[in-house]
Amino acid sequence: MDWDENTTAPPTEGEERLVGAGADGEDQAVEAALRPKDLGEFIGQAKVREQLDLVLRAARARGSAADHVLLSGAPGLGKTTLSMIIAAEMDAPIRITSGPAIQHAGDLAAILSSLQEGEVLFLDEIHRMSRPAEEMLYMAMEDYRVDVIVGKGPGATAIPLELPAFTLVGATTRAGLLPPPLRDRFGFTAHMEYYEPAELEAVIHRSARLLDVSTDAEGAVEIAGRSRGTPRIANRLLRRVRDYAQVKADGVITREIASRALAVYEVDERGLDRLDRGVLHALLKLFGGGPVGLSTLAVAVGEERETVEEVAEPFLVREGLLARTPRGRVATPAAWAHLGLVPPVSPQQAGQQTARHTPGGTGQGPVSGA
Ligand SMILES: Nc1ncnc2c1ncn2[C@@H]1O[C@H](COP(=O)(O)OP(=O)(O)OP(=O)(O)O)[C@@H](O)[C@H]1O
């Protein structure tokens, strides 16, 4: 694809990224329509589906609320969707909140005490809940009971409050940050993996059907390959390619249309965007592939250190294009190949080559004139 690294500035920190895994405003509006409604419709994550199916069937057979479920994994992989499916499969209502919204134990007590019997409480970003709320949750999860503290100081009293049996579905992108006592109170823990290309193709075909968009098999392959293993990104790219197909072609998404559309949006064939490529380009062209310190790299790209570290690097590392080493950031051979550049010859390699090609040299290669 056409790409002018020298004239294209990487996006600024606050700019929305087409390949960002978090939900933007438009995503939130359409995601509800695209969410699978039951486990049968949920694509991929075969092990998680199989295990969850057993947990839910058993709970239904016992006529009790399902065990608490912890879902961990990167943004956009379907944690919210699964929590809604759990509620639907249990034929129970669902309440949705998030860790940052619960700053005081009282906030949590208010939510818990208003739950109905069997209700699913979805707590997104559970690792960001305040400590007092977290401690209240321990007893609520185990005994369906909380102690509400009334008053302050020596006169404070704990009033026990019985709760209805409920199912907590906690979601986190950072399972390692959860304190063990909280983690241990979940009866079922599932880690969501990035999706395989074939699974993303299935997501794209399903979403295309729901959005009434025509896409052929190759068109879906092309979008899936650029979706960074994430259904949310696949759905977003699909919508942008649909726009292009409607405006510039006959509305049908083919490989050619998808590839041209995503070139316009500067998402390359591996799913890298301008920011990712800006980082790689600086690392290769300015620092010979590294090692280079993060701060120096960030200055070269014209970005904040955090943007490079938290926004661009995780995907580059995952793709095997960049390595974090104690001496700094280093490009891998795949990075050179991806940008179509040739790695410089190291002094050591140069020495070996000279030795190989010098008459009488000690190298193993052919000696000229021999
Ligand atoms: N397995 C799947 N099959 C089909 N579509 C999916 C699947 N997983 C996710 N999606 C789609 O991707 C979108 C994002 O999913 P969801 O909101 O559940 O992700 P999430 O993991 O909760 O993200 P976040 O961590 O940002 O809250 C949804 O619109 C949903 O339609």
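About the thresholds
Residues numbered from 1 in each chain as written. Predicted model: local features only at pLDDT ≥ 70, side-chain atom pairs only at ≥ 80, totals over all residues. Heavy atoms only, no water. Helix = DSSP H or I, 4+ residues; strand = E, 2+ residues; numbered from the N terminus. Contact = heavy atoms within 4.5 Å. Domains from an automatic or database assignment. Pairing = 2+ DSSP bridges. UniProt positions renumbered as here; feature names shortened; annotations may be inferred. Phe/Tyr/Trp six-rings, centres within 6.5 Å; stacked < 30°, edge-to-face > 60°. Buried < 20%, exposed > 50% of the residue type's maximum accessible area, 1.4 Å probe, protein only. Lys NZ or Arg CZ within 6 Å of the ring centre and 35° of its normal. Axes fitted to C-alpha atoms, helices over the stretch in contact; angles between N-to-C directions. Parallel < 35°, antiparallel > 145°, perpendicular 65-115°, else oblique. Left-handed = near helix turned anticlockwise from the far one by under 90°. Nonpolar A, V, L, I, M, F, W, Y, C, P; charged D, E, K, R; others polar. pLDDT = per-residue confidence, 0-100.

Participant: Which parts of the structure should I look at to understand the environment of glycine 328?
Facilitator: Assignment of secondary structure puts glycine 328 in strand 11 (residues 328–331). As for glycine 328 and glycine 293, which are separated by 35 residues in sequence, their C-alpha atoms are 4.6 Å apart. The contacts of glycine 328, once residues within four sequence positions are left out, are Pro291, Val292 and Ala323.

Participant: Please explain the domain arrangement of the protein chain as it appears in this structure.
Facilitator: Accessible area lost upon the coming together of the parts serves often as the stated size of an interface. For the protein chain, the domain assignment lists domain 1 (25–191), domain 2 (197–264) and domain 3 (274–338). Distance from the C-alpha centre of domain 1 to the C-alpha centre of domain 3: 37 Å.

Participant: Any chance you could explain the pairing of strand 10 (residues 322–325) here in plain terms?
Facilitator: One face of the sheet, then the other: side chains in a regular strand alternate in exactly this way. One ladder, built from four bridges, connects strand 10 with strand 11; its direction is antiparallel. Across the sheet, the residue bridging to alanine 323 is valine 330, located in strand 11. Where strand 10 hands over to strand 11, the hairpin turn is made up of two residues, counted between the paired strands.

Participant: Would you take a moment to explain the UniProt feature "domain: AAA+ ATPase" (unreviewed entry) in the protein chain for this structure?
Facilitator: On the UniProt side, "domain: AAA+ ATPase" (unreviewed entry) is annotated at positions that read residues 65–196 here. As annotated, residues 65–196 comprises 28% helix and 27% strand, and the C-alpha atoms at either end are separated by 33 Å.

Participant: Can you help me understand the packing of aromatic side chains in this one?
Facilitator: The geometry of an aromatic ring pair comes down to the distance between the two centres and the angle between the two planes. Applying the stated rule across the entire model yields one aromatic pair. Where tyrosine 144 meets phenylalanine 166, the ring centres are 5.5 Å apart and the plane angle is 70°; that geometry is what we call edge-to-face. With a gap of 22 residues between them, tyrosine 144 in the loop between helix 5 (131–143) and strand 4 (145–150) and phenylalanine 166 in the loop between strand 5 (157–162) and strand 6 (167–172) connect regions that are remote in the sequence. When its relative accessible area of 0% is taken as the criterion, phenylalanine 166 is described as buried. Lying over the aromatic face of phenylalanine 315, arginine 228 brings its terminal NZ or CZ to 3.7 Å of the ring centre. If you follow arginine 318 out to its NZ or CZ, it ends over the ring of tyrosine 194, 3.4 Å from the centre.

Participant: Just checking my understanding: could you explain the sheet that holds strand 6 for this structure?
Facilitator: To summarise the sheet geometry, strands pair through backbone hydrogen bonds and adopt either a parallel or an antiparallel arrangement. The parallel open sheet is built from five strands, whose spatial order is 2-3-6-1-7. In this open sheet, the two strands that pair with only one neighbour each are strand 2 (94–98) and strand 7 (188–191). Strand-to-strand twist in this sheet, taken as the mean axis angle between neighbours without regard to direction, amounts to 15°. Across the sheet, helix 2 (residues 46–62) is in contact with strand 1 (69–72) and strand 7; its angle to strand 7 comes to roughly 165°.

Participant: Looking at this structure, how should I read the packing of helix 7 (residues 197–211) against helix 8 (residues 217–225)?
Facilitator: One way to put it is that helix 7 packs onto helix 8 with a least axis distance of 8 Å and a crossing angle of 120°. Comparing their axes, helix 8 and helix 7 come out oblique. In the packing of helix 7 onto helix 8, the handedness of the crossing is right-handed. Contacts between helix 7 and helix 8 involve Pro197, Leu200, Glu201, Ile204 and His205 on the former and, on the latter, Ala217, Ala220, Val221, Ile223 and Ala224.

Participant: Is there a simple way to explain the packing of helix 4 (residues 105–113) against helix 5 in this structure?
Facilitator: Packed helices, taken two at a time, are described by the angle between their axes plus the distance between the axes. Viewed as axis vectors pointing N to C, helix 4 and helix 5 meet at an angle of 35°, and their least axial separation amounts to 8 Å. Seen from helix 4, the contacting residues are Ala105, Leu108, Ala109 and Leu112; seen from helix 5, they are Pro132, Ala133, Met136, Leu137 and Ala140. Tallied by class, residues from the contact of helix 4 with helix 5 come to nine nonpolar, no polar and no charged.

Participant: Any chance you could explain the confidence of the model for the protein chain here in plain terms?
Facilitator: Segments scoring low in pLDDT should not have their predicted coordinates read at a detailed level. Model confidence for the protein chain is summarised by a mean pLDDT of 88, while 89% of its residues fall at 70 or above. Every residue in residues 1–15 is under pLDDT 50, and counting partners more than four places away or in other chains gives 32 contacts. Confidence drops under pLDDT 50 across residues 360–370; counting only partners more than four residues distant or on other chains, this segment forms 14 contacts. Quick note on the complex model: pTM equals 0.85, ipTM equals 0.97.

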